[in-house]
Amino acid sequence: MKNLLILLSVLFLTGCSSDDDTLSDTAVEGVWEKTTIVDSNEFDELDENLNYESVIQYKFLKASKFESYTFIRAIESSEIAGYMFKELGSYTINNNRLSLISDRWISQDDSGALQSLQELSLNEQEVEWSFNIILEQNTLIFNFDPCGPAEDCIGSITLNKVK
């Protein structure tokens with residue numbers, strides 16, 4: 001009976017998760033996307049006979065570097081019609097909190113026209129941003145911190161791993 005109790009104790013202790021279930025920087029490496037269907041009439045540059053999606057894409061690279069893009073892509077061909085946003089920088093993960101330091105480029109076209117990557121203009125440098133993340137299989141969830149009453153807040157974004 002004593003041996004059974006010891007065996008059960010060992011199984012119980014090794015079966016429990018530790019308090020050290022935090023993610024490492026390499027856990028998120030890869031390409032992650034959130035896509036939303038877009039009406040081709042929203043942008044003058046789009047062919048009304050094709051189907052498009054708006055893409056928020058994060059590429060977490062080796063050496064804790066990352067790239068982020070927001071663009072419109074043709075669904076059938078995967079051809080990118082144009083960009084609205086680019087962000088390049090570095091990241092760290094500590095206690096399931098993702099911290100980004102980056103430079104950001106945006107479209108300077110007041111009409112909201114899509115642009116090539118080269119046409120985007122540097123808007124901000126060394127921007128620091130951090131938020132909690134959850135990694136579940138091929139899903140990465142950004143849980144953003146609450147913001148003030150006069151701010152336009154996003155609660156969370158769910159990205160799916162594509163590469």
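Numbering of residues starts from 1 in each chain and follows the order in which that chain's sequence is written. Side-chain atom pairs in this predicted model are given and counted only at pLDDT of 80 or more, local residue features only at pLDDT of at least 70, and totals for whole chains, interfaces and linings cover all residues. Only hydrogens and water are set aside when side-chain values are computed; all heavy atoms of the structure are taken into account.

### Some remarks on the sheet that holds strand S6 (residues 121–136)
- Between any two strands, at least two bridges found by DSSP are needed for them to pair. By the criteria applied, helices consist of DSSP H or I runs no shorter than four residues and strands consist of E runs no shorter than two, each listed in order from the N terminus. Spatially, eight strands are ordered S1-S2-S3-S4-S5-S6-S7-S8 in a closed barrel, and the strand pairing comes out antiparallel. Strand-to-strand twist of the sheet, defined as the mean angle between neighbouring strand axes without regard to direction, takes the value 35°.
- Pairing between strand S4 (residues 80–94) and strand S5 (residues 97–106): 10 bridges, direction antiparallel. The residue of S5 that forms the bridge with Phe 85 is Ile 106. Axis definition: a line fitted to C-alpha atoms, over the contacting stretch in the case of helices. Angles run 0 to 180 degrees between N-to-C directions.

### Some details on the confidence of the model for the protein
- Looking at any residue, its pLDDT shows the predictor's confidence there, from 0 to 100. Across the protein, the average pLDDT comes to 85, with 85% of residues at or above 70.
- Here residues 1–20 is modelled with pLDDT under 50, and outside its nearest four sequence neighbours on either side it reaches zero contacts, counting other chains as well. Any two residues having at least one pair of non-hydrogen atoms within 4.5 Å are treated as being in contact.

### Brief notes about unusual backbone geometry
- In this model, Ser 78 sits at a positive phi of 65°, which is unusual for a non-glycine residue.
- Tracing the backbone through its elements, the reader meets Ser 78 in the loop between strand S3 (65–74) and S4.

### Structural notes on the nonpolar core
- Nine residue types can take part in a nonpolar core, namely buried Ala, Val, Leu, Ile, Met, Phe, Trp, Tyr and Cys, and a core is a set of them joined through side-chain atoms within 4.5 Å. Burial classes follow relative accessibility: with a 1.4 Å probe on protein chains only, a residue under 20% of its type's maximum area counts as buried, one over 50% as exposed, and anything between as partly exposed. Among the nonpolar cores identified, the biggest contains 17 residues, and Phe 60, Leu 98, Ile 133 and Phe 142 are the most heavily contacted of them.
- With near-sequence residues (within four places) excluded, Phe 142 lies in contact with Tyr 58, Phe 60, Leu 98, Phe 131, Asn 132, Ile 133, Gly 155, Ser 156, Ile 157 and Leu 159.
- Counting seven residues, the second largest nonpolar core, distinct from the first, contains Val 38, Phe 43, Leu 46 and Ala 74.

### Topic: the environment of Lys 62
- On the secondary structure map, Lys 62 appears in the loop between strand S2 (52–60) and S3.
- The sequence separation of Lys 62 and Val 28 amounts to 34 residues, and the corresponding C-alpha distance is 10.0 Å.

### Observations concerning the layout of surface pockets
- Here the largest pocket defines a volume of roughly 270 Å³.
- Cavity and pocket criteria rest on a 1 Å grid covering protein atoms alone: a 1.4 Å probe that fits but cannot get out defines a cavity, protein on both sides within 12 Å along at least 5 of 7 lines defines an open pocket, and an atom within 4 Å of a point defines a lining residue. Along its surface, the largest pocket is lined by 11 residues, and Trp 129, Phe 144, Asp 145, Cys 147 and Asp 152 are the ones closest to its centre.
- Among the residues making up the lining of the largest pocket, the classes are represented as seven nonpolar, one polar and three charged.
- Grid points are joined across faces, edges and corners, and a volume is the space filled by probe spheres set on the points. Counted as a void, the second largest pocket has a volume near 200 Å³.
- What lines the second largest pocket is simply Ile 56, Tyr 58, Ser 68, Thr 70, Phe 85, Glu 87, Arg 104, Trp 129, Phe 144, Ile 154 and Ile 157.
- When contributions to the lining of the second largest pocket are tallied by element, the ones reaching two or more residues are S2, S3 and S4.
- Throughout, the ten residues Ala, Val, Leu, Ile, Met, Phe, Trp, Tyr, Cys and Pro are labelled nonpolar, Asp, Glu, Lys and Arg are labelled charged, and all others, Gly among them, are labelled polar. Across the lining of the second largest pocket, the residue classes break down as seven nonpolar, two polar and two charged.

### So, the packing of aromatic side chains
- Whether two aromatic rings pair depends on their centres lying within 6.5 Å, for rings of Phe, Tyr and Trp, where Trp uses its six-membered ring; planes under 30 degrees apart make the pair stacked, over 60 edge-to-face, and the rest tilted. With the rule as written, the count across this model stands at 12 aromatic pairs.
- An angle of 65° between the planes, with centres 6.0 Å apart, marks the rings of Tyr 69 and Tyr 83 as edge-to-face. With Tyr 69 in strand S3 and Tyr 83 in strand S4, the pair connects residues that are 14 residues apart, well separated along the chain. Accessibility classification places Tyr 69 together with Tyr 83 in one group, the buried group.
- Here a set of aromatic residues connected by ring pairs shows up, and it is made of Tyr 58, Phe 60, Phe 66, Tyr 91, Trp 129, Phe 131, Phe 142 and Phe 144.
- Here the guanidinium or amino end of Lys 86 rests over the ring plane of Trp 105, the centre of that ring lying 4.3 Å away. Over a ring means this: the NZ of a Lys or the CZ of an Arg is within 6 Å of the ring centre and within 35 degrees of the ring normal.

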